[in-house]
Amino acid sequence: MAREYGTNNWIDWCPGCGDFGIVSSVYRAFSELELEPKRTVVVSGIGCSGKMPHFIDVSGVHTLHGRAIPFATGIKMANPELEVIVNGGDGDLLGIGAGHFIALGRRNLDVLVMMHDNRVYGLTKGQAAPTLPRSTKTKALNTPSIQDAVEPLALALVSGYTHVARSFAMDSDHLKEAIKEGMEHEGAAFLNILQPCVTYNDIHTSDYFNERIEKLDDWDAEGVDPTEAINRSKILEEEIPLGLFYKDTETPSFEERISGQLPDYLEKVPAEQKIEENGKTILDQQAFKSKFRGNIIEKKK
Amino acid sequence: MTEKLNMILGGAQGSGLETTIQILSSAFASSGNGFLADREYYSNIKGRHSYAHAKVSSVEIPRSIDSEIDLLGCMDAETLFTHFQDIVKGGYLIYDASTGEKKQDSIKSIEDPLRKRLEESFEEMGIEGTVSSLVEYLKEEKDVEVIELDYPSILEDIQKEFDISSSQASRYVSSILIGAVSGLMGLEKDEVKKGIERKFEGKEKIAEQNMFLVKKVSEMVEDEHGSPLKLEGSGIDEDQLLMVNGNEITGMGKIAAGMRFQSYYPITPAADESFFIEQHASFDDGGNILVFQTEDELAAITSCIGSALTGTRSATATSGPGFALMVEGLGWAGINEVPIVITYYQRGGPSTGQPTRGSQDDLMNALYSSHGNFPRIVLVSGDHEEAFNDAVKAFNLAEKYQTPVIHLMDKFVANFVKTIPLPDISKVKIDRGELFDGEDYKRFKDGPISERAFLGSEVMWYTGSEHDAEGNVSEDPENRIKMHEKRMDKLKIADEEIDDRVIYFGPEDAEYLIVGWGSVKGVILDAMEDMDKDFGYLHFRCFSPFPFEEVSSYLEGREKVIAVEHSYSPRVSEVVSLNTGYQIENEVVKFTGRPIYRDELIDSLGNIIEGSNREVLKHGP
């Protein structure tokens, strides 16, 4: 029987929240991939999406606002044998955490970033998020937003992510497949998940998205360059394309780059190296002298 | 008979001074001497004035330096203008004769306030202000013996000798100074040669050319002046010495402690530690250390925490401005009971402050930064030996008490180059604390210290929110009390268990008690030794948990208690007062960012005994 990935915690998102669609797709994807709970780590930031780990029966690290990516980076680098998934909101990943978002792309570390994109900061009562288009006034805002929206896929593509896709929280089959593909990719994968915020975003509702969504058809994600992918992934007033826009399997992952410098990195991952024996360091006096011979001065005889 | 020598060697940043210091210090050490050098430099890559202020001793490893110097070695005119006043009567000066006509106003890198002070001095001295006039003055008025060398013509000779370009030859100025110093000190050529070969390993030609130059200059100097600065002493005992700065010895401690992950964002004076560890990241018989340069300090601490959650011994190294960004991560590690080590090298603040100068002004920042309350352990090291031991201890305490450890040092410890005996590695203990081995794991179960399992070995949850035993968010008031107490109680246990949080030097009932921590240790001990008054020194090694009983007992019954610190007003006095209620009423402070010199400390302690209660030290350019 397939494993269930739910926990006993009551899920306290608003009824109808897009996050329900996301977490249920995660359950299905994990189940189909048969992930071992203790070898899988879901890392999240702050906000509604930040609660994800508590609702999934794998290890979970609910971190700081904007910092899910660097936490995940440390976990993955120290133990590359773990499956590491980041969940963050639009404000979390592209507002307060934008620097880390770019850095992960530059590294191409084997992590999937799932961005919960409802265009508002829900948990603090609906302020404008970095993906809210300029001049939009949701019901929670005093005045229309005067900041332009950032295009998450374009930013991911110029930052170096090697797997870039968009899905929709309320299309569980599409999302489940997108999560699986992102996890199976070896390198930094970005999945932008559009979702409604039923409480604070009265403009970008499920209906709004459903009316505009067009699934990619006849698009060769592995055969295009990032510029073409940026153009194709662009959100237009009348059309929001969903699917995998870009995939690059040639660029070495961060793990491979580290192995280039520390050849036994993947055989002796940091988390599993032996560092002590009977309460003593494994570095003996002779090894210490040999390691630091450049600093040792012999007195003349 | 001379057993010790104080010297300053100076030149423009990027002109080869570092090479001079490395080669000479190697030669001093292999000749059987102890060596200690302060490095002073601007936040600048090339062109501004930089110098090493060193003490060499043939009988012991120096612990402090003196403001008065026996020898000034100048690579350029600015060095002479900046330091001439510190040459002791009858001291020695090495300078470039071709700079004779130079005046301070033609040297753009001299800062205006110094320019003004120089103008005033020259007027008082009645000289016109050229290098030659100043040299003449020093000869006549201060009996300084001058070693006058024409650097360009020496370089021209070597250019011809080896048929090299003039730009290549100009890089050999460092060896002129090496030659002159080794001549005056009568260093054996073989020892200098070893230093050169060590420095230019794999570059035989460059080593050979430098050696040629050194030999030539030292013979010139010996012929004319002899070797009046030859150190006469038995030499120090050790057959092998470690020549390290504080960044390096701390890196060695971390490596010995089994650290396998270090994150950092470039910052002075911490970055050299990460660079050093990276150079030693592979082990001969397998294994490796990840040294990870992050996009900012937010990522440095959070990636460090992530790594620590997998069971990897993890640390990050930074300075004040970087630590400011790490504070949110520190709090997360506190509430999640994550064993991380933050190596914190203080520099002058606030803000960018004095990025390349020393300070001890961040004690409160290390002790109290972060919102909310959680146990933290704060270790402080006063010299290279302490830095090594604390680097190891930091990981053991972090894992034993499952809480962040801040290892607080400063720019002086970071950049002081020192010869020390090799650490005894057999004494490096590793204690990984309570580890889980069972079923039905809950990360925060029982306590105060819960059993730790690593990500990858069990299913577990962490959250920066208040949480229950399983790591799930809980706002229940009783759970809050239970979990908050669980965490804070760890500090009580640590308070009962951690030894050696203060060290006391001097007679038990000394009339005058000096209180300090960190890099003031060496100069305090030397000053005490050289004063005929009855001094004791209470040296802090750990500020959290605060060693209440010991400190309280040491403070009692003294004629005077004096805090000595590199800060505007001693943080140690504030912390002692907060914890014990005792007000330390006297203080010797320095906040120029330059080290405290032995002689100025002696004078100021004398003034305190005479009735002053605040002495502000100012020496050092």
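Since we're looking at a predicted model, the values are computed, not measured.

What to know about the overall build of chain B
Piece 1. Looking only at helices and strands, chain B features 21 helices and 22 strands.
Piece 2. Computed over its C-alpha atoms, the radius of gyration of chain B comes to 26 Å, within 12% of the 25 Å expected for a compact globule of 621 residues.
Piece 3. Its C-alpha atoms give chain B principal-axis dimensions of roughly 80 × 60 × 45 Å.
Piece 4. Within chain B, the fraction of its 621 residues that count as buried is 56%.
Piece 5. Put simply, 75% of the contacts in chain B that link residues at least 6 apart link residues at least 24 apart.

Quick word on the interface of chain B and chain A
Piece 1. In this assembly, 69 residues from chain B lie in contact with 55 residues from chain A.
Piece 2. Those elements that place two or more of their residues in the side of chain B that touches chain A are α1 (17-30), β7 (240-245), α10 (246-256), β9 (290-293), α12 (297-309), α13 (320-335) and β15 (461-463) of chain B.
Piece 3. Broken down by element, the residue count for the side of chain B that touches chain A peaks at 9 residues, all from α12(B).
Piece 4. A per-class count over the side of chain B that touches chain A returns 29 nonpolar, 27 polar and 13 charged.
Piece 5. By the bridge criterion, 3 bridges tie strand β13 (residues 296-298) of chain A to β7(B) in an arrangement that is antiparallel. Looking across to β7(B), one finds that Ile297(A) is bridged to Leu241(B).

Comments concerning the pairing of strand β4 (residues 69-74) of chain B
Residue and element names in this part refer to chain B.
Piece 1. The element β4 is largely enclosed, with a buried count of 6 among its 6 residues.
Piece 2. In the sheet, strand β1 (residues 4-12) pairs with β4 via 4 bridges, with the strands oriented parallel. Bridging from a neighbouring strand, Met7 pairs with Leu71 of β4.
Piece 3. Taken together, the 4 bridges between β4 and strand β5 (residues 87-96) define a ladder with parallel strand orientation. Bridge pairing in β5 places Ile69 opposite Ile87.
Piece 4. Between the parallel pair β4 and β5, the chain is carried across by helix α2 (residues 77-83), and the sense of this crossover is right-handed.

Some words on the nonpolar core
Piece 1. Membership of the largest hydrophobic core comes to 258 residues, with the highest contact counts inside it found for Val43(A), Val113(A) and Leu191(A).
Piece 2. Tallying contributions element by element places helix α15 (residues 384-401) of chain B first for this core, with 9 residues.
Piece 3. Dropping the residues within four chain positions of it, Val113(A) is found in contact with Ile69(A), Val86(A), Gly88(A), Leu93(A), Leu104(A), Ala189(A), Phe190(A) and Leu191(A).
Piece 4. Judged by nonpolar contacts, the second largest core, of 7 residues, contains Tyr121(A), Ala128(A), Cys197(A) and Tyr200(A).

Quick notes on the domain arrangement of chain B
Residues and elements named next belong to chain B.
Piece 1. One can read the domain layout of chain B as domain 1 (4-225), domain 2 (243-425) and domain 3 (502-617).
Piece 2. Distance from the C-alpha centre of domain 1 to the C-alpha centre of domain 3: 35 Å.
Piece 3. Each partner contributes to the interface: domain 1 provides 8 residues, whereas domain 3 provides 10 residues.
Piece 4. Partitioned by chemical class, the residues of the side of domain 1 that touches domain 3 number 1 nonpolar, 2 polar and 5 charged.

Re the packing of α12(B) against α13(B)
All names here are of chain B.
Piece 1. Between α12 and α13, the shortest axis-to-axis distance is 7 Å and the interhelical angle comes to 30°. The angle between α12 and α13 places the two elements in the roughly parallel class. Here α12 runs over α13; the crossing is right-handed. Between α12, through Glu297, Leu298, Ala300, Ile301, Thr302 and Ile305, and α13, the contact on the second element is made entirely by Gly322, Leu325, Met326, Gly329, Leu330, Trp332 and Ala333.
Piece 2. A class-by-class count of the residues in the contact of α12 with α13 yields 9 nonpolar, 3 polar and 1 charged.

So, the sheet that holds strand β20 (residues 560-565) of chain B
All names here are of chain B.
Piece 1. Across the sheet, 6 strands lie side by side as β16-β18-β17-β20-β21-β22; this open sheet has mixed pairing. Each having just a single partner strand, β16 (502-505) and β22 (614-617) make up the two edges of the open sheet. Averaged over all adjacent pairs, the angle separating strand axes in this sheet is 20°, with direction ignored.
Piece 2. Both β20 and strand β21 (residues 586-590) contribute to a ladder of 4 bridges, which runs parallel. Residue pairing in the sheet places Val564 in a bridge with Val588 of β21.

Quick notes on the sheet that holds strand β1 (residues 40-44) of chain A
Piece 1. Here 9 strands make up an open sheet; going across it, the order is β9(A)-β10(A)-β7(A)-β8(A)-β4(A)-β3(A)-β1(A)-β2(A)-β15(B) and the pairing mixed. Because the sheet does not close on itself, it has two edges, and the strands there are β9 (213-215) of chain A together with β15 of chain B. Here the average twist between neighbouring strands, direction ignored, is 20°.
Piece 2. Looking at chain direction, strand β3 (residues 83-89) of chain A and strand β4 (residues 112-117) of chain A are connected through 5 bridges and run parallel. In the strand pairing of β4(A), Gly89(A) is matched with His116(A).

Re helix α11 (residues 271-279) of chain B
Piece 1. Taken as a whole, α11(B) has its buried residues at Ala271(B), Asp272(B), Glu273(B), Ser274(B), Phe276(B) and Ile277(B).
Piece 2. Close packing links the buried residues of α11(B) with α10, β8 (261-264), β9, β10 (314-319) and β11 (341-346) of chain B.

Description of the confidence of the model for chain B
The predicted structure's coordinates, where accompanied by low pLDDT, should not be read in detail.
Piece 1. Averaged over every residue, the pLDDT of chain B is 97; the share at 70 or more is 100%.
Piece 2. Overall fold confidence for the complex sits at a pTM of 0.98, while the interface term, ipTM, reaches 0.98.

Quick notes on the rules
- Residues numbered from 1 in each chain as written.
- Chains lettered and ligands numbered in written order.
- Predicted model: local features only at pLDDT ≥ 70, side-chain atom pairs only at ≥ 80, totals over all residues.
- Helix = DSSP H or I, 4+ residues; strand = E, 2+ residues; numbered from the N terminus.
- Rg over C-alpha atoms; globule rule 2.2 N^0.38 Å.
- Buried ≥ 20, exposed ≤ 12 C-beta atoms within 10 Å, placed from the backbone.
- Contact = placed C-beta atoms within 7 Å.
- Nonpolar A, V, L, I, M, F, W, Y, C, P; charged D, E, K, R; others polar.
- Pairing = 2+ DSSP bridges.
- Right-handed = clockwise from strand over helix to strand, strands pointing away.
- Core = buried A, V, L, I, M, F, W, Y, C linked by C-beta atoms within 7 Å.
- Domains from an automatic or database assignment.
- Axes fitted to C-alpha atoms, helices over the stretch in contact; angles between N-to-C directions.
- Parallel < 35°, antiparallel > 145°, perpendicular 65-115°, else oblique.
- Left-handed = near helix turned anticlockwise from the far one by under 90°.
- pLDDT = per-residue confidence, 0-100.

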